[in-house]
Amino acid sequence: MNIETSRQLYEQAGRLLPGGVSSPVRAFRAVGGQPLFIARGEGPYLEDVDGNRYIDYVLSWGPLILGHAHPAVVAALEEAIRRGTSYGAPSPLELELARRIQGFMPGLEMLRFVNSGTEATMSALRLARAFTRRDKIIKFEGCYHGHADLLLVQAGSGVATLGLPDSPGVPQATTQDTLVARFNDLESVISLFSQFPDQVAAVIVEPVAGNMGVAPPAEDFLPGLRDLTARHGALLIFDEVMTGFRVHPGGAQALYGIQPDLTTLGKVIGGGLPVGAYGGRAEVMHMVAPSGPVYQAGTLSGNPLAMTAGIATLDELQSADVWPGLIAAAEWLESGMADAAADAGIAIQQNRVGTMFSTFFAQEPVRDWPSASRSDTARFGRFFNAMLENGVYLAPSQFEAGFLSTAHTPAILDQTVAAARQAFGKAMG
Ligand SMILES: *Cc1c(COP(=O)(O)O)cnc(C)c1O
């Protein structure tokens, strides 16, 4: 595989952009090797600057549920761009996208558009703190909610520890009200509620964990969180930035039948352009400025191009056969990968919910961060690189989700499984 142009660009980029990238995990550091510079995306494929083509299971980290450059999205954008790129004033497009989102997720009685998932979670927590007049929040070990200061806390060890910052530059004062519980462990949440009575504003959770690799919720976990938050006067926030339109068209809240107070969205609702949103109970959302006193603003929020790409994407998803097709593809890939691993005699845990999946090189089921972190990351690195050699582009870390799109046809999936058969052998080392 010739990646000479990527090599040269990476070297130049390293002098201009920290680590040569605009977001850390793109740098391939967890798997060895160097990032590929991409020239174009089309359907299920990414093409790098040296002309190599890969079947893409990253899909811009989730948003591209219709694949790259879907004709409907491209056509809508081409038309929209002639009407201007940003208005800084309301446009009907915001209403159109909001109504579509609400059609899929009726619990979002009102919502506010922002520009990223990070902004959505940060703003939702500000709102929850204002609404409850409490300061503490509970998050879960291994869950990622963007890079806002108060959320850059993971808890190293221990079931429920006080949050200490994960990054230099985050003052301890910013995270002292961030409490960390263990995913899929209600006892750890109960213990925090009793340690800090009447102080918890919100519990924020990825209802299906996707940022430790995919880990589904245990059966009692989300109902338990709903019950605990209601009982203690705290808000329940589902961070569905990844799971929204990915685990079910109505998100995890529809899949598991649990109504959170607030929901954060991003990724798919922008159809590949920068969009986030937060929304939920009207009485809570009415507190957002200028309706209420909680300040939150954005120069480019509700951007007409971003709204347009989101509308076109959700309209495609609305067609009756699209979702069953995605699930059939996901099941096909899941069983193909499992068979390929079994034939190679390699132990994997293939986790999947809807169109999100992870192949963990682990002996035991992965259900939380401790079990995910016992994966053999060296083995994953060899697998990743062998897949890349075979023309399949996976997320360059064991602890990331893979994604499917409507462009991943049966032939593409078969090609992927064939690549995996060989790569599993190489992963054994
Ligand atoms: C990606 C992600 C975010 C952050 O979204 P950005 O658009 O990258 O800021 C937040 N929460 C979850 C669950 C995510 O997967």
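Above this note sits the structure.
What comes next concerns the included structure. (Residues numbered from 1 in each chain as written. Predicted model: local features only at pLDDT ≥ 70, side-chain atom pairs only at ≥ 80, totals over all residues. Heavy atoms only, no water.)

Here we come to the site of the ligand. In the vicinity of the ligand, the residues found are Ser-116, Gly-117, Thr-118, Tyr-144, His-145, Gly-146, Glu-206, Asn-211, Asp-239, Val-241, Met-242 and Lys-267. Contacts to the ligand include Tyr-144, whose backbone N or O atom sits 3.4 Å from a nitrogen atom. At 2.6 Å, a side-chain N or O of Lys-267 approaches an oxygen atom of the ligand. Compared with its free state, where it exposes 380 Å², the ligand has 83% of that area covered by protein. Its residues placed into classes, the shell around the ligand shows three nonpolar, six polar and three charged. (Near = heavy atom within 4 Å. Polar contact = N/O pair within 3.5 Å; in protein donor to acceptor, adjacent residues only side chain to side chain. Areas by Shrake-Rupley, 256 points an atom, 1.4 Å probe, with all protein chains shown as cover. Nonpolar A, V, L, I, M, F, W, Y, C, P; charged D, E, K, R; others polar.)

Taking 1.5 Å per residue, 13 residues should reach 18 Å; helix H13 (residues 377–389) reaches 18 Å between its end C-alpha atoms and fits that length. Restricting attention to buried positions, one finds in H13 the residues Arg-379, Phe-380, Gly-381, Phe-383, Phe-384, Ala-386, Met-387 and Leu-388. The N-cap of H13, judged by a side-chain oxygen 3.2 Å from the amide nitrogen of Ala-378 a few residues on, is Asp-376. Residue Gly-391 follows H13 closely and has a positive phi angle near 85 degrees. (Helix = DSSP H or I, 4+ residues; strand = E, 2+ residues; numbered from the N terminus. Expected span 1.5 Å × (residues − 1). Buried < 20%, exposed > 50% of the residue type's maximum accessible area, 1.4 Å probe, protein only.)

Moving on: helix H10 (residues 304–318). Spanning 15 residues, H10 covers 21 Å between terminal C-alpha atoms, matching the ideal 21 Å at 1.5 Å per step. With respect to burial, H10 is a largely interior element, 12 of its 15 residues being buried. Within the span of H10, buried status applies to Pro-304, Leu-305, Ala-306, Met-307, Thr-308, Ala-309, Gly-310, Ile-311, Ala-312, Thr-313, Leu-314 and Leu-317. Those residues of H10 that are buried are in contact with helix H2 (71–81), helix H3 (92–104), strand S4 (110–114) and helix H11 (322–344). Its side-chain oxygen at 3.0 Å from the backbone nitrogen of Leu-305, Asn-303 defines the N-terminal cap of H10. (Contact = heavy atoms within 4.5 Å.)

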